[in-house]
Amino acid sequence: MLLETKRLLLRRFRLEDAEDAFAMNQDPRVTRFIPGESNATVEAVKHLIQTTTLSDYEKYGYGRMAIIHKTDGHFMGFSGLKFLPDLQEVDLGYRLIQRDWGQGYATEAAQVVVRYGFETLGLQRIIAMAMRDNRGSIRVMQKLGMRFWKVSQYAGHEVVVYELTHTADTSQAGEGLTPGSP
Ligand SMILES: CC(C)(COP(=O)(O)OP(=O)(O)OC[C@H]1O[C@@H](n2cnc3c(N)ncnc32)[C@H](O)[C@@H]1OP(=O)(O)O)[C@@H](O)C(=O)NCCC(=O)NCCS
């Protein structure tokens, strides 16, 4: 599975990505709104990739994907879909190394992920969650055309939840803003 945009490649994670993912997660600006991530060592990140991401590919046929810059091939972070069995929902996620922020990359990556989810995987609905103060993340959801759904508790934290449905929203995904926020 390989997704491509103008500037980015999204490919499946490999265990060798653990060092880059570890380095990304060492930056407190990156993890500011992501509590409880187990990032103590490269080995811990490798274990996480093995037991969550690679396992999701096996179980569901999709999962978070590594983002690679087309021009110089550097590891930028991830985007992708994750099935959440506890909620019975498919969650869109994204995380980038700090030096790649602010250039539209997260939105660009998420747009192709959402299209893949609806058009190739045949999903009917995708949600995204962020802590209330994570304005950058929420802005990405809005730029994707997602609609505010609710404030909820997830993994012990208050989050805002946005939603996008195939029938109503796909054609607009990423092409405009949907008003509405918590
Ligand atoms: C959230 C994140 C993925 C965004 O990546 P990005 O490539 O900078 O996103 P984009 O450039 O596509 O869009 C970001 C938008 O948010 C806006 N934004 C960023 N920080 C903001 C803030 N503090 N307040 C308000 N808006 C903000 C940007 O201006 C931009 O909107 P615009 O295009 O209308 O100007 C990145 O900041 C990140 O990796 N953060 C750490 C990990 C994380 O929190 N992930 C989400 C967990 S829910």
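Everything that follows concerns the structure shown earlier in this document.
Let me begin by describing the structure that accompanies this report. Computed from a predicted model, the values in this text were never measured in an experiment. (Residues numbered from 1 in each chain as written. Predicted model: local features only at pLDDT ≥ 70, side-chain atom pairs only at ≥ 80, totals over all residues. Heavy atoms only, no water.)

## Brief notes about the overall build of the protein chain
And step 1. When its secondary structure is counted, the protein chain shows 6 helices and 8 strands.
And step 2. The dimensions of the protein chain, computed from C-alpha atoms along their principal axes, are 40 × 35 × 35 Å.
And step 3. Here the protein chain holds 182 residues, and the buried ones make up 49% of them.
And step 4. Of the accessible surface of the protein chain, which amounts to about 9200 Å², a share of 50% is contributed by carbon and sulfur atoms. (Helix = DSSP H or I, 4+ residues; strand = E, 2+ residues; numbered from the N terminus. Buried < 20%, exposed > 50% of the residue type's maximum accessible area, 1.4 Å probe, protein only. Areas by Shrake-Rupley, 256 points an atom, 1.4 Å probe, with all protein chains shown as cover.)

## Topic: the environment of Thr-107
And step 1. Tracing the backbone through its elements, the reader meets Thr-107 in helix α4 (residues 105-120).
And step 2. The exposure class assigned to Thr-107 is buried, which follows from its relative accessible area of 8%.
And step 3. Thr-107 sits 13 residues away from Tyr-94 along the chain, and the two C-alpha atoms are 8.9 Å apart.
And step 4. Ignoring any residue separated from it by four or fewer positions in sequence, one finds Thr-107 in contact with Val-140, Lys-143 and Leu-144. (Contact = heavy atoms within 4.5 Å.)

## Quick word on the site of the ligand
And step 1. Close to the ligand lie 21 residues, the nearest being Leu-96, Gly-102, Gly-104, Thr-107 and Lys-143.
And step 2. Residue Asn-134 places a side-chain N or O atom 2.9 Å away from an oxygen atom belonging to the ligand.
And step 3. One of the side-chain N or O atoms of Lys-143 is found 2.7 Å from an oxygen atom in the ligand.
And step 4. The protein chains hide 69% of the 960 Å² of surface that the ligand would expose on its own.
And step 5. Ranked by the residues each element gives to the shell around the ligand, the list is headed by helix α5 (residues 135-143), at 6 residues. (Near = heavy atom within 4 Å. Polar contact = N/O pair within 3.5 Å; in protein donor to acceptor, adjacent residues only side chain to side chain.)

## Notes on the packing of helix α1 (residues 18-25) against helix α3 (residues 42-60)
And step 1. Look at α1 against α3: their axes get within 9 Å of each other, and the N-to-C directions meet at 110°. The orientation of α1 relative to α3 falls into the category roughly perpendicular. Here the hand of the crossing between α1 and α3 comes out right-handed. Where α1 approaches α3, its residues Ala-18, Glu-19, Ala-21 and Phe-22 are matched on the opposing element by Val-42, Val-45, Lys-46 and Ile-49.
And step 2. Broken down by class, the residue content of the contact of α1 with α3 amounts to 6 nonpolar, no polar and 2 charged. (Axes fitted to C-alpha atoms, helices over the stretch in contact; angles between N-to-C directions. Parallel < 35°, antiparallel > 145°, perpendicular 65-115°, else oblique. Left-handed = near helix turned anticlockwise from the far one by under 90°. Nonpolar A, V, L, I, M, F, W, Y, C, P; charged D, E, K, R; others polar.)

## Topic: the side chain of Asn-25
And step 1. Within the element layout of this structure, Asn-25 appears in helix α1.
And step 2. If near-sequence neighbours (up to four positions away) are discounted, Asn-25 is found in contact with Val-30, Thr-31, Glu-37, Asn-39 and Arg-95.

## Things to note about the pattern of salt bridges
And step 1. All told, the structure shown has 10 salt bridges when counted by the stated rule.
And step 2. Salt-bridge contacts for Arg-125 lead to Glu-89; the nearest nitrogen and oxygen are separated by 2.8 Å. Placement of the pair is Arg-125 in strand β6 (residues 125-131) and Glu-89 in strand β5 (residues 89-96), with a sequence separation of 36 residues.
And step 3. For Glu-89, a relative accessible area of 13% corresponds to the buried category.
And step 4. Glu-163 serves as the salt-bridge partner of Arg-125, at 2.5 Å between the closest nitrogen and oxygen. Residue Arg-125 is located in strand β6, and its partner Glu-163 is located in strand β8 (residues 157-165); the two are separated by 38 residues in the primary sequence. (Salt bridge = Lys/Arg side-chain N within 4 Å of Asp/Glu carboxyl O.)

## Focus: the pairing of strand β2 (residues 8-12)
Regular strands have side chains that alternate between both faces of the sheet.
And step 1. Alignment of strand β1 (residues 2-4) against β2, held across 3 bridges, turns out to be antiparallel. In the sheet register, Leu-3 faces β2, and the bridge partner there is Leu-10.
And step 2. Here β1 hands over to β2 after 3 residues, the two strands then running antiparallel side by side.
And step 3. Pairing geometry for β2 and strand β3 (residues 64-69), over 5 bridges, is antiparallel. Considered in β3, the bridge of Leu-9 is made with Ile-68. (Pairing = 2+ DSSP bridges.)

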